[in-house]
Amino acid sequence: VSRNNKNVNLENGPKMSKIVPKNLVPYRRHYSESSFWKKLSSVAVKAGSKVVWAALVLYYELTDPKVSLRDKGIILGALGYFILPLDLIPDFIPALGFTDDLGALLAAYRAVSSNITPEVRAAASEKLASWFGPQEGEKAAGEVEDELR
């Protein structure tokens with residue numbers, strides 16, 4: 001997977017059921033880089049900085065060529081779920097709409113967190129700060145890290 005790929009395709013690799021947790025397998029097919037950026041940019045303010053932070057970290061981790069196939073599968077499942085317009089709690093429901101998305105993103109984040117590099121976190125922080133400002137970016141990163149402890 002490179003940063004220039006528009007779609008991440010693992011179809012020719014090992015069986016996805018051995019790489020991606022079963023509850024995320026159906027969602028991996030919904031991921032494409034263009035749909036990720038379209039969804040993220042359209043819901044960033046409504047979803048909040050924690051959702052955006054987690055999605056950005058996973059996105060940048062996915063683009064790292066050193067990431068294992070297992071981690072890519074987990075990330076694809078979570079990002080695919082995030083992109084999917086209809087999910088467990090519809091995104092249009094005020095205050096609740098993104099809680100299921102955050103749950104999926106945090107589960108994936110937790111599963112791959114030991115492999116996330118400072119460079120990936122820095123790239124996510126930089127992008128988040130460009131949308132929410134530097135203070136909100138730091139706050140979101142801290143809150144996500146605190147929730148995972």
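As the structure is a prediction and not an experimental result, all values here were calculated from the model.

A few words on the overall build of the chain. Tallying secondary structure elements over the chain gives seven helices and zero strands in all. Each helix and strand of the chain, ordered N terminal to C terminal, gives the series α-α-α-α-α-α-α. Within the span of the chain, comprising 149 residues, buried residues form 46% of the whole. Looking at the chain alone, contacts between residues at least 24 apart form 73% of all its contacts between residues at least 6 apart. Per element, the accessible surface of the chain, about 7900 Å² overall, is 55% carbon and sulfur.

With that settled, consider the pattern of salt bridges. Per the stated rule, a full pass over the model turns up one salt bridge. For the salt bridge of Asp71 with Arg70, the shortest nitrogen-to-oxygen distance reads 2.7 Å. Looking at Asp71, the relative accessible area reads 2%, which means it is buried.

Take the nonpolar core next. In terms of nonpolar packing, the biggest core is built from 38 residues, with Tyr31, Phe36, Trp53, Leu58, Leu79, Phe82 and Leu105 touching the most fellow members. In terms of residue count, helix H3 (residues 49-63) provides more of this core than any other element does, 11 residues in total.

The next thing to look at is the packing of H3 against helix H6 (residues 118-132). One way to put it is that H3 packs onto H6 with a least axis distance of 8 Å and a crossing angle of 140°. By the angle between their directions, the pair H3 and H6 is classed as oblique. In the packing of H3 onto H6, the handedness of the crossing is right-handed. In contact with Ser49, Val52, Trp53, Leu56, Val57, Tyr60 and Glu61 of H3, H6 contributes Val120, Arg121, Ala123, Ala124, Ser125, Lys127, Leu128, Trp131 and Phe132. Taken together, the residues that form the contact of H3 with H6 break down as 11 nonpolar, two polar and three charged.

Right, let's talk about helix H4 (residues 69-83) for a bit. Here H4 spans 21 Å end to end across 15 residues, near enough to the 21 Å set by a 1.5 Å rise per residue. Among the 15 residues in H4, 13 count as buried, and that is most of the element.

With that out of the way, let us pick up the packing of aromatic side chains. With the rule as written, the count across this model stands at six aromatic pairs. Taking 5.0 Å as the distance between ring centres and 75° as the angle between the ring planes, the aromatic pair formed by Phe36 and Trp37 counts as edge-to-face. By relative accessible area, which is 0% here, Phe36 ends up buried. Between Trp37 and Trp131, the ring centres sit 6.3 Å apart and the planes meet at 85°, which makes this aromatic pair edge-to-face.

A few words now on the environment of Glu33. With respect to the secondary-structure elements, Glu33 resides in helix H2 (residues 33-47). Accessibility expressed as a relative area gives 11% for Glu33, which makes it buried. It is 9.9 Å that separates the C-alpha atoms of Glu33 and Thr63, two residues lying 30 residues apart in sequence.

With 71% of its residues at a pLDDT of 70 or more, the chain shows a mean pLDDT of 75. Per-element mean pLDDT across the chain ranges from 39 in helix H1 (residues 16-19) up to 91 in H3. The low-confidence segment residues 1-21, where pLDDT is below 50, has 38 contacts with residues more than four positions distant or belonging to other chains.

Here is what the cut-offs are and how they apply
Residues numbered from 1 in each chain as written. Predicted model: local features only at pLDDT ≥ 70, side-chain atom pairs only at ≥ 80, totals over all residues. Heavy atoms only, no water. Helix = DSSP H or I, 4+ residues; strand = E, 2+ residues; numbered from the N terminus. Buried < 20%, exposed > 50% of the residue type's maximum accessible area, 1.4 Å probe, protein only. Contact = heavy atoms within 4.5 Å. Areas by Shrake-Rupley, 256 points an atom, 1.4 Å probe, with all protein chains shown as cover. Salt bridge = Lys/Arg side-chain N within 4 Å of Asp/Glu carboxyl O. Core = buried A, V, L, I, M, F, W, Y, C linked by side-chain atoms within 4.5 Å. Axes fitted to C-alpha atoms, helices over the stretch in contact; angles between N-to-C directions. Parallel < 35°, antiparallel > 145°, perpendicular 65-115°, else oblique. Left-handed = near helix turned anticlockwise from the far one by under 90°. Nonpolar A, V, L, I, M, F, W, Y, C, P; charged D, E, K, R; others polar. Expected span 1.5 Å × (residues − 1). Phe/Tyr/Trp six-rings, centres within 6.5 Å; stacked < 30°, edge-to-face > 60°. pLDDT = per-residue confidence, 0-100.

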